[in-house]
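Listed below, chain by chain, are the residues.
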Amino acid sequence: MGTTAAIILAAGKSTRMRSKLSKVLHPVCGKPTLFHILDALAAAGAERRIVVIGHEGQAVQARVEAAYAGQNIEFVWQHNPRGTGHATQQAESLLAGHSGPVLVVPGDAPLLSAEVLSELLAAHTGGATLLSALLDDAGSYGRVVRAADGSGAVEAIVEAKDATPEQKSIREMNAAVYVFDGSSLFERLKQLTPNNAQGELYLTDVIGMTRAAGEPVRAVVAKDNNVTLGINTRVELAELTEILRKQLLKKLMLSGVTIIDPATTYVEVGITVGQDTVLHPGTYLRGNTQIGEDCIIGPYVVITDSIVGNGCKVGPFAQLRGKAVLGKGCKIGNFVEVKNGQLADNVSASHLSYLGDTEIGTKTNIGAGTITCNFDGFTKSKTTIGADAFIGSSSILVAPVTIGDGALTAAGSVITQDVPTEAIAIARERQINLEGAETARRERKRKERDHG
């Protein structure tokens, strides 16, 4: 059959999104909409992926090239857009001589899966194959018109604005996902005319041409209508994000993760969570985050691009970010933030602390109110704390600084110099008690008030 190529239509103006950002770059569960499509196509076996860009095309290309460096993703421009047929035409120069199947997919359907695309390719034996769905009300979608002889063959796709009242009653909608034969696709695209209500070149007209040429046209009905949904507004963006979020949470629960309240738990694509870990309400797991087994996360915790070892407790009201790494059995308590910190096993920071650019040894205790001062306005510096150290409450550690194994900093100290192993560091003014001074102060204030 030849290699499989894919054309992704991503040149739309996104008018209804009311956004300066192309709609294909708006994230769905942490990943840009277009990236969902690119990944699904790769998993389905598309050796070549060609993105048709237009509105905000430079930004789209830059984001894709940064994320997919070294992969075979190509770009073509659609200037002065005149419909889906015109957009597909732009890929002809890259696919000249391509004889294998060509997938044509929208760039705004993030739930379109590799499984569905693989099923569509498997069903394609020549001619054209398209994805459809059965809806109670097909609304503004194009209608799939099947042969009246009961064979089930597809005769044509009729856009809603061009459909007759009888055709509008058809429940089967066109999902705008196709497989064509590369050997004939572009010749038929050249024959398109804008004789329709939109005055555009419709890709759907190729279906009728294929049928007229005596070649087979098949429609694969989606088992899950959600895979056909596209994004045109921020309302639809939120709706599709919710659908995918529920799928991700369901997968985690079936793998052995307890999620107390799925309605208030948020995870992004690619998150991993170990068996018997409990996620409490208000938990946000983002980016490249890995959570181990037997952990308790939350409530109200945000973890981004970080690794949490087995048996850790994080929360409530805690944040890990910037590639934070926790060893086994760590405790990160309420209002503690770890940024780019490497914490060994059994480190405890239970209250009100900021640990930035910090390396901490095993079994060290971080007292409430501890701050690592890692930024002087120009450079970031590192704080290193050894094993079995005790950092007293309200210690301020001014980086770069090293606290040795087994060392102790007295509560309220401002540490600006290294502390040796097993040493006690005290960096604060000595307390002085003035006997009777408070009685005298109150008497003075009373006289001032009375003689005001």
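Residues numbered from 1 in each chain as written. Predicted model: local features only at pLDDT ≥ 70, side-chain atom pairs only at ≥ 80, totals over all residues. Heavy atoms only, no water.

Q: When you look at the pairing of strand β5 (residues 73–77) in this model, what are you seeing that I'm missing?
A: Within a regular strand, side chains alternate between the sheet's two faces. The element β5 is extensively covered by neighbouring structure, given that four of its five residues are classed as buried. Examined bridge by bridge, strand β4 (residues 48–53) and β5 share five bridges and lie parallel to one another. Within β5, the residue paired with R49 across the bridge is I73. (Buried < 20%, exposed > 50% of the residue type's maximum accessible area, 1.4 Å probe, protein only. Helix = DSSP H or I, 4+ residues; strand = E, 2+ residues; numbered from the N terminus. Pairing = 2+ DSSP bridges.)

Q: Any chance you could explain the pattern of salt bridges here in plain terms?
A: It is possible for side chains of opposite charge to pair when their charged atoms get near one another. A complete count under the given rule lists 21 salt bridges for this structure. With its nearest N and O atoms 2.6 Å apart, the salt bridge here joins E215 to R188. Of the two residues, E215 is situated in the loop between α7 (205–212) and β11 (217–221) and R188 in helix α6 (residues 182–189); the sequence distance between them amounts to 27 residues. Among the residues examined, E215 registers a relative accessible area of 24% and is labelled partly exposed. Among the ionic pairs, R442 bridges to E438, the shortest N-O distance being 2.9 Å. With R442 and E438 both in helix α9 (residues 437–450) and four residues apart, this pair spans about one turn of that helix. (Salt bridge = Lys/Arg side-chain N within 4 Å of Asp/Glu carboxyl O.)

Q: Even after reading the chapter, I still don't get unusual backbone geometry, so can you show me in this structure?
A: Among all residues save glycine, negative phi is the norm, and among peptide bonds the norm is trans. The linkage connecting G298 with the following residue, P299, adopts the cis geometry, with an omega of 0°. Take P299: it is sitting in the loop between β18 (296–297) and β19 (301–304). Looking along the chain, the bond that leaves A399 and enters P400 is cis, with omega of 0°. Tracing the sequence through the fold places P400 in the loop between β32 (396–398) and β33 (401–403). Of note, E56 is a non-glycine position whose phi angle comes to about 55°, a positive value. Take E56: it is sitting in the loop between β4 and α2 (57–67).

Q: How should the packing of α6 against α7 be read in this particular structure?
A: How two helices pack is summed up by the angle between their axes together with the distance between the axes. In the contact formed by α6 and α7, the axes pass within 10 Å of each other and the chain directions differ by 115°. Regarding α6 and α7, the two cross each other, and that crossing is right-handed. Each of L185, R188 and L189 in α6 lies in contact with α7, whose residues at this interface are V206, M209 and T210. Here the contact of α6 with α7 is composed, by residue class, of four nonpolar, one polar and one charged. (Axes fitted to C-alpha atoms, helices over the stretch in contact; angles between N-to-C directions. Left-handed = near helix turned anticlockwise from the far one by under 90°. Contact = heavy atoms within 4.5 Å. Nonpolar A, V, L, I, M, F, W, Y, C, P; charged D, E, K, R; others polar.)

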